[in-house]
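Each chain is listed here by its residues.
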There are 2 protein chains.
Amino acid sequence: MSTREVRRSITLEHVAQVAGVSRATVSRVINDVRNVDPALQKTVQAAIAATGYVPNQAARSLVTRRTGSVALAVSEPEHRTFNEPFIGRIFTDPFFGRLTSGIMTVLRPRGVNLVLMLAENDEARSHLIGYLRQGHVDGVILFSPHVDDPLPRMITELSLPAVLSRRPSEPIPISYVEAAQQTGTKLAADHLVARGCQHVATISGPLDMAASEERLAGFRDAMSRHGFAYIPSVEGNFSQESGEKAMAHLLDEYPEIDGVFVASDLMAQGALLALQDRNVRVPEDVAVVGFDDSAVAKACRPPLTTIRHPVEDMAAEMTRLLLGSIEKPDQRVKSVIFEPTLVVRKSA
Amino acid sequence: MSTREVRRSITLEHVAQVAGVSRATVSRVINDVRNVDPALQKTVQAAIAATGYVPNQAARSLVTRRTGSVALAVSEPEHRTFNEPFIGRIFTDPFFGRLTSGIMTVLRPRGVNLVLMLAENDEARSHLIGYLRQGHVDGVILFSPHVDDPLPRMITELSLPAVLSRRPSEPIPISYVEAAQQTGTKLAADHLVARGCQHVATISGPLDMAASEERLAGFRDAMSRHGFAYIPSVEGNFSQESGEKAMAHLLDEYPEIDGVFVASDLMAQGALLALQDRNVRVPEDVAVVGFDDSAVAKACRPPLTTIRHPVEDMAAEMTRLLLGSIEKPDQRVKSVIFEPTLVVRKSA
DNA sequence: TTGAAAGCGCTAACAC
DNA sequence: GTGTTAGCGCTTTCAA
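Residues numbered from 1 in each chain as written. Chains lettered and ligands numbered in written order. Predicted model: local features only at pLDDT ≥ 70, side-chain atom pairs only at ≥ 80, totals over all residues.

J.: Could you give me a rundown of the protein's contact with DNA strand D, with the residues and numbers involved?
T.: Close to DNA strand D lie 27 residues; A:Leu12, A:Ala24, A:Ala59, B:Ala24 and B:Asp37 are nearest. Mapped onto the surface near DNA strand D, the elements with two or more residues apiece are helix H3 (23-30) and helix H5 (57-64) of chain A together with helix H3 (23-30) and helix H5 (57-64) of chain B. Looking at the surface near DNA strand D residue by residue, the classes come out as 13 nonpolar, eight polar and six charged. (Near = placed C-beta within 6 Å. Helix = DSSP H or I, 4+ residues; strand = E, 2+ residues; numbered from the N terminus. Nonpolar A, V, L, I, M, F, W, Y, C, P; charged D, E, K, R; others polar.)

Encoded structure:
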């Protein structure tokens, strides 16, 4: 109780009184503005320490129009249905962890904070937009994997600094980062072919996600350049279980299969299990190439040969782009493309 | 540019002018305060819609002293060293995802936002405390698995609403939730014994975490009641890799082993791999019981018999406790204990 | 280099 | 039931 009273009452004014200067001067030393007499500076600092003063963020934001935090908005169009609710799925996905990790790496040293927001239906989207308009944050990192997501456009119209996690589906002025999926899929195709695989199939992610579609198309394209006219595919949903089912399906329909490109490591892990259940040897009987190089890749049996998706680096770059456009709002929007690489382990 | 001007200039005042009422009245309809004439209410709402008005959060916070957001502080004492940096590890741990998920489940419907904060060394801790004192958030959820973490006490001294993810190591007045580790370990022990295991060992988590220590002690205690005077143990660090190594070690040192309790599913998954590498059958030769019932449990080969740790429910309850104490700051601190349950699958 | 003073946009007494 | 008004704590011209 008493503590609370104290907390509430220590303001710039008090510090100024203790230091025997004006509020303006105290403000100047706190914000490190030049032209403050070194002696006064010391006095003021002593007063701050003595009073235990801490600036009030709301008051500061009110005048500076800066909050010192940015939002990470995770978006998903409404129509999608899964067994698990969106919240459970997203936070359990290793991809999300890598994303957050990359963002925090650049935010923390600068003392910028991260506010987590979900937008999985129209109501949540309106709420999000309202929140952003209220000036809660200085900018948004928008993670929006689905091609038909309305959020990128909605956020662009806000004229609030924002960065998107992929190339926008429609031409809108927003900065973005992108992984060159084609580079990755070509690497996978070349590797499978170099191994001598003759009967190659693929397990794709959900085809309403931009990345999934590009990986499928890219892989097929690369294989066609090796003379493979037809590449059977089964659609998964990026979960391990879906990879397992897809692989089983592939084995049933296409028993001569000797190579498979799986669009995520988690699904590849499932595929490995399906293979193991049928006593199919990897890579001797079937070679498996994953995508992502997430933590599970190393833990698989056999460890996964995969395409490294530099998620953390991309997330860090998004954050840097965002911070840049907060600093200088009138810069043109920028794009940064990342090149995936091949990581050879044991599965192919 | 013009948009930005517009955004900046739409205030309560403008809405009031358009509606032909006072600012106070507009404020009342926005905040849904009673005693507003229904007719006026409509007029005001129309004016709000017409102007596209959105309240300024900073101005609002300044007077209400509420921000509408809470922090999730994830803490770790400095001296710990791992291969991976803290940021990468924490966000990759499935536990963290479940925690976040449980929190968001109760925060979202109430429109409260989550700010993510890390505290892995003294500097970060000071920063965190400063941030909290600035009134950025209305309360804190403190995830602090380590017994010697100074943060719980530091936060308690702030007299800011807070909830801890475990029983505090020292007696301090803070609300907390807790999983009854003993219940869980007893379930594991009883199950292993009922299966007829004669040579039982355990793989523990890092022993500077409260939960790890309790699981080890609890398991030993429960086994001793079944006449097992000595239970060998190896310490892991909750990673899959550490589980693998620990299991290999156990197999070397203790070849007659026929049952093992592993303090997390991730480590159990690693243990399963070590077992598989040596062609030890599970559960026929060695029965394995995990802990957590996280997503990997179902994905293991064989699927893991495990102790369900109701992480999401606990996180949700922490959030409810926090919201409650934000609402009524002078309530006494509360504790809620959760009971783990046994989930029988194939590994034991 | 420093101080005085004008707000930033909103809520909450208080008066009508 | 509605309007008036006094701040909330801070930054930032503008003078001195």
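Still more to cover.
J.: Before we move on, can you summarise the sheet that holds strand S8 (residues 259-262) of chain B with the specific residues and values?
T.: Residues and elements named next belong to chain B. The six strands are arranged S7-S6-S8-S9-S10-S12 in an open sheet whose pairing can be described as mixed. Since the sheet does not close on itself, it has two edges, and those belong to strand S7 (233-235) and strand S12 (341-343), each with one partner. Along the sheet, successive strands turn relative to each other by an average axial angle of 20°, direction set aside. Across four bridges, the pairing between strand S6 (residues 200-204) and S8 is parallel. (Pairing = 2+ DSSP bridges. Axes fitted to C-alpha atoms, helices over the stretch in contact; angles between N-to-C directions.)

J.: I'd like a description of the relation of the copies chain A and chain B, backed by residues and values.
T.: Between chain A and chain B, which share one sequence, the superposing operator has a rotation angle of 180° and an axial displacement of 0.1 Å; the RMSD is 0.2 Å. On this basis, the relationship between the two copies can be described by a two-fold rotation axis. When the interface residues of chain A are mapped onto chain B, 100% of them are again interface residues, pointing to one common binding face. (Least-squares fit on C-alpha atoms with pLDDT ≥ 70 in both. Contact = placed C-beta atoms within 7 Å.)

J.: Run through the nonpolar core, naming residues and quoting values.
T.: Of all hydrophobic cores here, the largest spans 91 residues; its most connected members are A:Val140, B:Ala73 and B:Val140. Sorting elements by how many residues they give to this core places helix H15 (residues 311-327) of chain B first, with seven residues. Excluding anything up to four places from it in sequence, B:Ala73 contacts B:Met117, B:Ala119, B:Leu128, B:Val140, B:Leu142, B:Phe143 and B:Leu151. (Core = buried A, V, L, I, M, F, W, Y, C linked by C-beta atoms within 7 Å. Buried ≥ 20, exposed ≤ 12 C-beta atoms within 10 Å, placed from the backbone.)

J.: So what's going on with the protein's contact with DNA strand C? Residues and values would help.
T.: Inspection of the region around DNA strand C gives 26 residues, with A:Asn35, A:Asp37, B:Thr11, B:Leu12 and B:Ala59 positioned closest. Mapped onto the surface near DNA strand C, the elements with two or more residues apiece are H3 and H5 of chain A together with H3 and H5 of chain B. Sorting elements by how many residues they give to the surface near DNA strand C places H5(B) first, with five residues. Class assignment of the residues belonging to the surface near DNA strand C gives a composition of 13 nonpolar, eight polar and five charged.

J.: Quick rundown of the packing of helix H7 (residues 94-107) of chain A against helix H15 (residues 311-327) of chain A? Include the residues and the values.
T.: Angle between the axes and distance between the axes are the two parameters that describe a pair of packed helices. Residues and elements named next belong to chain A. Closest axis-to-axis distance for the H7/H15 pair is 7 Å, and the angle between their directions is 45°. Relative to H15, the element H7 lies oblique. Between H7 and H15 lies a crossing of right-handed hand. On H15, the residues touching Phe95, Arg98, Leu99, Ser101, Gly102, Ile103, Thr105, Val106 and Leu107 of H7 are Val311, Glu312, Asp313, Met314, Ala315, Ala316, Thr319 and Arg320. (Parallel < 35°, antiparallel > 145°, perpendicular 65-115°, else oblique. Left-handed = near helix turned anticlockwise from the far one by under 90°.)

J.: For unusual backbone geometry, give the residues involved together with the corresponding values.
T.: Geometrically, the link from A:Arg301 to A:Pro302 is a cis peptide bond, its omega value of -10° lying close to zero. Among the secondary structure elements, A:Pro302 is positioned in the loop between helix H14 (295-299) and strand S10 (305-308). Even without a glycine there, the phi angle at B:Ser159 is positive, about 50°. Among the structural elements, B:Ser159 can be located in the loop between helix H9 (151-156) and strand S4 (162-164). In this structure B:Ser159 comes out as partly exposed when scored by C-beta crowding, with 15 C-beta atoms within 10 Å. Positive phi, normally seen in glycine, also occurs at B:Asp293, with a value near 60°. Along the chain, the position of B:Asp293 falls in the loop between strand S9 (287-292) and helix H14 (295-299). Judged by the 23 C-beta atoms lying within 10 Å of it, B:Asp293 is buried.

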